[in-house]
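Next come the chains, spelled out residue by residue.
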Amino acid sequence: MKYVDEYRGRAHAQALARELRATVTRPHAVMEVCGGQTHAIVKYGIDALLPPEVTLIHGPGCPVCVTGVGLIDKAVALAGREDVIFCSFGDMLRVPGSSRDLLSVKAAGGDVRMVYSPLDAVKAAANAPEKEVVFFAVGFETTAPANALAVLQAKRLGLKNFSLLCAQVRVPPALEALLAMPECRVGGFLAAGHVCTVMGYREYEAIAAGHGVPIVVTGFEPVDILTGILHCVAQLEAGRAEVENQYARSVTRDGNTRAQQSMAEVFSVVDRDWRGLGTIPRSGLGLKEAYREYDAEHRFTLPEEQEHEAGVCISGEVLSGLKKPNECPAFGTQCTPEHPQGAPMVSGEGACAAYYRYRRNPDRASAQES
Ligand code: SF4
């Protein structure tokens, strides 16, 4: 398949690994920001190909994982109302709140629906005018344009019973927050290619220059990731700190300006609470005043946000790259995909789920395809 097969070739990957070994002279720590990249690294054993001087740190780029407990609690409260149809992507249903998850509300009779697009929720609102339909708007900048379009479509249709519970997050402020942590070891970043497809990478240029860290916009296939690491390490070795675009087949410096216009019409930048990481200034998107009637937090009286992480879960340390999932005492014992104690074990992009799937059994891990 074009744009896939040529980025999965074993010989190409091994040549990049050799080039990396020839380039590196001293230790470097590189963070892959996106959970999709983490899954590819763990699945294909990319970290096993790296020279010992290069350490990969898994980042917070899983939107399901970083959605604050307080917002899950609000989702649970909304979903439990008799007058509400609560729509969400499937991954969110099993993410624990402070005491329950959405799936348990559904099991108790709540009208909780798994949807594949926010427009499915708009359709549900048009079909059930006697109900309030709330869509759980979770995601990085990748999902924000579609969520903005759903609000615009609801407005166009004159729907008065559609709203978003907004959990949108933005990547650049999270990178700045990680770099400000005293224990941060990150020397360079692989930025998430899909986020930059929407947003471009101008915002990252200020971070690279201001913090002296190279940032390489990187795709999701093994050859993409190895190339991104190689470019990042080459910059570190040369003492450069610039933004490079490895994912030029999808990303431009300005990104998708039409998608950005839709976002800017509906959303404004707000502070956002990240699960395990606390409140990060200007790291979220909320509905603008002009679209307040589509804001579930405005339409309904909801519980105050409180941060209650399950006792054993160290997701904050995992999401900030301070610990690997298998360093969590609960990993694979108390915490499994069947009985998750934290969001990173639930999500398809969660680092703990990736380690459980591909690294629980070392024999199996080494047998992964390359
Ligand atoms: S293994 Fe489970 S309990 Fe441990 S950090 Fe991951 S999600 Fe939390």
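Right above here is the structure, for reference.
Residues numbered from 1 in each chain as written. Predicted model: local features only at pLDDT ≥ 70, side-chain atom pairs only at ≥ 80, totals over all residues. Heavy atoms only, no water.

Caption draft 1: Just the pairing of strand 8 (residues 215–218), in detail. Residues of strand 8 alternate between two faces, with Ile215 and Val217 on one and Val216 and Thr218 on the opposite face, all of them buried. In this sheet, strand 8 lies alongside strand 7 (residues 188–192) in parallel orientation, the contact comprising four bridges. Note on strand 8: the bridge partner recorded for Phe189 is Ile215. (Buried < 20%, exposed > 50% of the residue type's maximum accessible area, 1.4 Å probe, protein only. Helix = DSSP H or I, 4+ residues; strand = E, 2+ residues; numbered from the N terminus. Pairing = 2+ DSSP bridges.)

Caption draft 2: The arrangement of the pattern of salt bridges in detail. Enumeration according to the criterion identifies 13 salt bridges in this entry. Its salt-bridge partner being Glu297, residue Lys74 comes within 2.5 Å of it at the nearest N-O pair. On the criterion of sequence distance, the pair formed by Lys74 in helix 4 (residues 69–79) and Glu297 in helix 13 (residues 296–299) is long-range, its members being 223 residues apart. The partner of Glu293 in a salt bridge is Lys160, and the shortest N-O contact between them spans 3.7 Å. (Salt bridge = Lys/Arg side-chain N within 4 Å of Asp/Glu carboxyl O.)

Caption draft 3: Quick peek at the state of the cysteines. For the coordinates displayed, the defined rule picks out one disulfide. Here Cys62 connects covalently by a disulfide to Cys65, the sulfurs 2.4 Å from one another. Residues Cys62 and Cys65 are joined through a disulfide that is right-handed, its torsion about the S-S bond being 75 degrees. Both residues of the pair, Cys62 and Cys65, count as buried. Cysteine Cys166 shares no disulfide, and the gap to the nearest cysteine sulfur, in Cys87, comes to 15 Å. Classification of Cys166 by relative accessible area gives buried; the value is 4%. (Disulfide = S-S within 2.5 Å.)

Caption draft 4: The environment of Leu102, seen in detail. Here Leu102 lies in helix 5 (residues 102–107). Exposure remark for Leu102: the relative accessible area of 0% places this residue in the buried category. Along the backbone, Leu102 and Ser88 are 14 residues apart, and their C-alpha atoms lie at a distance of 9.3 Å. Apart from residues lying up to four places away in sequence, Leu102 is in contact with Ala75, Val76, Ala79, Phe86, Met92, Leu93, Val112 and Phe136. (Contact = heavy atoms within 4.5 Å.)

Caption draft 5: Region of interest: the packing of aromatic side chains. Tallied over the full model, the rule gives six aromatic pairs. Relative to Phe135, the ring of Phe89 lies with its centre 5.4 Å away and its plane at 85 degrees, an arrangement referred to as edge-to-face. Of this pair, Phe89 sits in the loop between strand 3 (84–88) and helix 5 while Phe135 sits in strand 5 (residues 132–139); the two residues are 46 residues apart in sequence, bridging distant segments of the chain. Taking relative accessible area as the criterion, Phe135 reaches 0% and is therefore assigned buried. Above the face of the Tyr7 ring, Arg249 is positioned so that its terminal group lies 3.6 Å from the ring centre. (Phe/Tyr/Trp six-rings, centres within 6.5 Å; stacked < 30°, edge-to-face > 60°. Lys NZ or Arg CZ within 6 Å of the ring centre and 35° of its normal.)

Caption draft 6: Representation of the pairing of strand 3 within the structure. The buried fraction of strand 3 is high, at five of five residues. Along strand 3, one buried face is formed by Val84, Phe86 and Ser88 and the opposite face, lined by Ile85 and Cys87, is buried too. Taken together, the four bridges between strand 3 and strand 5 define a ladder with parallel strand orientation. Its bridge partner lying in strand 5, Phe86 is registered against Val134.

Caption draft 7: Local environment of the nonpolar core. Membership of the largest hydrophobic core comes to 60 residues, with the highest contact counts inside it found for Phe86, Leu102, Phe136, Leu165, Phe189, Tyr204 and Ile215. Considering each element in turn, this core owes the most residues, six residues, to helix 4. Filtering out sequence-adjacent residues up to four positions away, Leu165 remains in contact with Leu71, Lys74, Ala75, Leu78, Phe86, Val134, Phe135, Phe136, Ala137, Ala296 and Glu297. Core analysis: the second largest hydrophobic core is formed by 30 residues, Val133, Leu159, Phe162 and Tyr294 among them. (Core = buried A, V, L, I, M, F, W, Y, C linked by side-chain atoms within 4.5 Å.)

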